[in-house]
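Take a look at the letters that make up each chain.
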Amino acid sequence: MNRGCPLRAFPLLLGAAVLAGCAARRTGDRVLLSNISGSQNGLLVDAGDFGHDVDDRPFVSSSASIRVGALTASTVSNEVVAFTRNRPVAVQTPVNWTNGNDDIPVPYSDRILIPVKVWIVFGPFPQQRARALQAAIRAVGVWNQERMGLGFSTFEVADATGSPQAPNYHAFDCSKQSGLQNDIKPVAGRVNVYYVDTVNNSTGMGDTCVFGGDFVALGSTTDDLLAHELGHTFNLLHVHRYPLFFDHTNVMYPGGTGPRDYLAEGQVFRAHVEVDSTLNNLYHARPGQEQRTCPGTLPASVDPRCPQLYKRIWRDGAFGPN
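Being a predicted model, the structure only gives us computed values, none of them experimental.

A. Spatial organisation of helix α2 (residues 125–145). With 21 residues, α2 should cover 30 Å at 1.5 Å per step; its first-to-last C-alpha distance of 30 Å lies within 8% of that length. Residues of α2 that are buried: Gln 128, Ala 132, Ala 135, Ala 136, Ala 139, Val 140, Val 142 and Trp 143. For α2, the buried positions fall inside an angular range of 160° around the axis, keeping them on one side. Opposite the buried face of α2, by more than 90 degrees, sit the exposed residues Pro 126, Gln 134 and Ile 137. Buried residues in α2 make contact with β8 (112–120), β9 (150–159), β11 (191–195) and α4 (225–233). Arg 147 occupies a position one or two residues after α2 and carries a positive phi of about 65°.

B. Examining the environment of Leu 230 more closely. Within the element layout of this structure, Leu 230 appears in helix α4. Residue class for Leu 230 comes out buried when judged on its relative accessible area of 0%. Distance in space between the C-alpha atoms of Leu 230 and Val 191 is 8.4 Å, their sequence separation being 39 residues. Aside from chain neighbours lying at most four places away, what touches Leu 230 is Trp 143, Phe 152, Val 191 and Val 216.

C. Focus on the state of the cysteines. Counted by the stated rule, this structure contains two disulfides. At a sulfur-sulfur separation of 2.1 Å, the disulfide partner of Cys 294 is Cys 306. Across the S-S bond linking Cys 294 and Cys 306, the dihedral sits near -75°, which makes this disulfide left-handed. On the criterion of sequence distance, the pair formed by Cys 294 in the segment after α6 (278–281) and Cys 306 in the segment after α6 is long-range, its members being twelve residues apart. A residue is classified by how much of its surface remains accessible, and Cys 294, at 9% relative accessible area, is buried. By relative accessible area, which is 6% here, Cys 306 ends up buried.

D. The arrangement of the packing of aromatic side chains in detail. If you walk through the whole model with that rule in mind, you get seven aromatic pairs. On the basis of an interplanar angle of 55° and a centroid distance of 5.1 Å, the ring pair of Trp 143 and Phe 152 is categorised as tilted. One exposure class covers both Trp 143 and Phe 152, and it is buried. Ring geometry for Phe 245 against Tyr 310: centres 3.9 Å apart, planes inclined by 10°, an arrangement best described as stacked. In this pair, Phe 245 sits in the loop between α4 and α5 (265–273) while Tyr 310 sits in the segment after α6, placing the two residues 65 residues apart along the sequence. When its relative accessible area of 26% is taken as the criterion, Phe 245 is described as partly exposed.

E. Local environment of the side chain of Gln 267. By secondary structure assignment, the location of Gln 267 is in helix α5. Judged by relative accessible area, which is 1%, Gln 267 ranks as buried.

F. Structural context of the pattern of salt bridges. Within the structure shown, the criterion is met by nine salt bridges. For Asp 224, the salt bridge is made with Arg 260, and the minimal N-O distance between the two is 3.2 Å. Within this pair, whereas Asp 224 is found in the loop between β14 (215–218) and α4, its partner Arg 260 is found in the loop between α4 and α5, the two being separated by 36 residues in sequence. For the pair shown, Asp 224 and Arg 260 are each scored as buried. Salt-bridge contacts for Asp 316 lead to Arg 312; the nearest nitrogen and oxygen are separated by 3.0 Å. Each member of the pair Asp 316 and Arg 312 is classed as buried. Where salt bridges share partners, they join Glu 79, Glu 290, Arg 292 and Arg 305 into one cluster.

G. The sheet that holds β14, seen in detail. Strand order across the open sheet formed by five strands is β9-β8-β11-β14-β13, with mixed pairing between neighbours. Looking at the sheet topology across the chains shown, the edges are occupied by β9 and β13 (206–207). The pairing of β8 with β9 spans nine bridges and is parallel. Paired with Val 116 across the two strands is Phe 155, which belongs to β9. This element, α2, spans β8, β9 and β11 of the sheet and lies at about 170° to β9.

What counts, and at which threshold
- Residues numbered from 1 in each chain as written.
- Predicted model: local features only at pLDDT ≥ 70, side-chain atom pairs only at ≥ 80, totals over all residues.
- Heavy atoms only, no water.
- Helix = DSSP H or I, 4+ residues; strand = E, 2+ residues; numbered from the N terminus.
- Expected span 1.5 Å × (residues − 1).
- Buried < 20%, exposed > 50% of the residue type's maximum accessible area, 1.4 Å probe, protein only.
- Arc of directions from axis to C-beta.
- Contact = heavy atoms within 4.5 Å.
- Disulfide = S-S within 2.5 Å.
- Phe/Tyr/Trp six-rings, centres within 6.5 Å; stacked < 30°, edge-to-face > 60°.
- Salt bridge = Lys/Arg side-chain N within 4 Å of Asp/Glu carboxyl O.
- Pairing = 2+ DSSP bridges.
- Axes fitted to C-alpha atoms, helices over the stretch in contact; angles between N-to-C directions.

Have a look at this one:
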């Protein structure tokens, strides 16, 4: 199949030489990453390949220049999604794949830093403040490891244990959210986290009450749950119904025995690109960048613009790349 050079009326031997030389000149396409962090990069590529459509073909490289083969335009989707540590997901779309050697620039944005306000409703305050700060350190550690490109600009912890209304919310469920936030008023424009005693009758549980919202309640003995509940504010759903693809080590596994350390690249993609993620609808942290509505459950949509929820470029514990 001649992909890059038109056929011309040459003598047989000369024509063969011309075509051979032409084919040799097609060395393949490259993705050129910029603003890299020095960590390994991973790509998901949509394109055409010898008449077939390629959906989320993975590539891994420590280089800023990654060869992805001799690709052409797909009839379905043409784009590159890039992941690396300390940078948000980069989506380059649409990509104009041609029959020649294409260099596709994909710039990473700088790390996203978000403010969060924490209210200690149930004390003692010093102990719970230390718990909250440790939870923040753990959340950032998970985000760094799982290539979220996300951190805290501020993580302010306030003492609300002395509020006369605080005892009304020591035992919390979502029917009390409006009352809690009326009596201990949230700071606008950020996620507000309330440490109470019990959430839904357990000191080890948390709740956001709505996906993609700006509210989190955490029980008094929670440890790795902050990253999980913030995941819900990014519009990520529970994954326990899909044991073929996730186990208790995934950040979005509910009630896990921990540690919950992993996020699939399909989840990281959704946290950034989902219209209803707080990164977009509250923090407006990705101005002018791609936003979509992708299914958060399985079976996922066949929309090629949304990687499968369980799509992995790197291994996550027991689950390898797919």
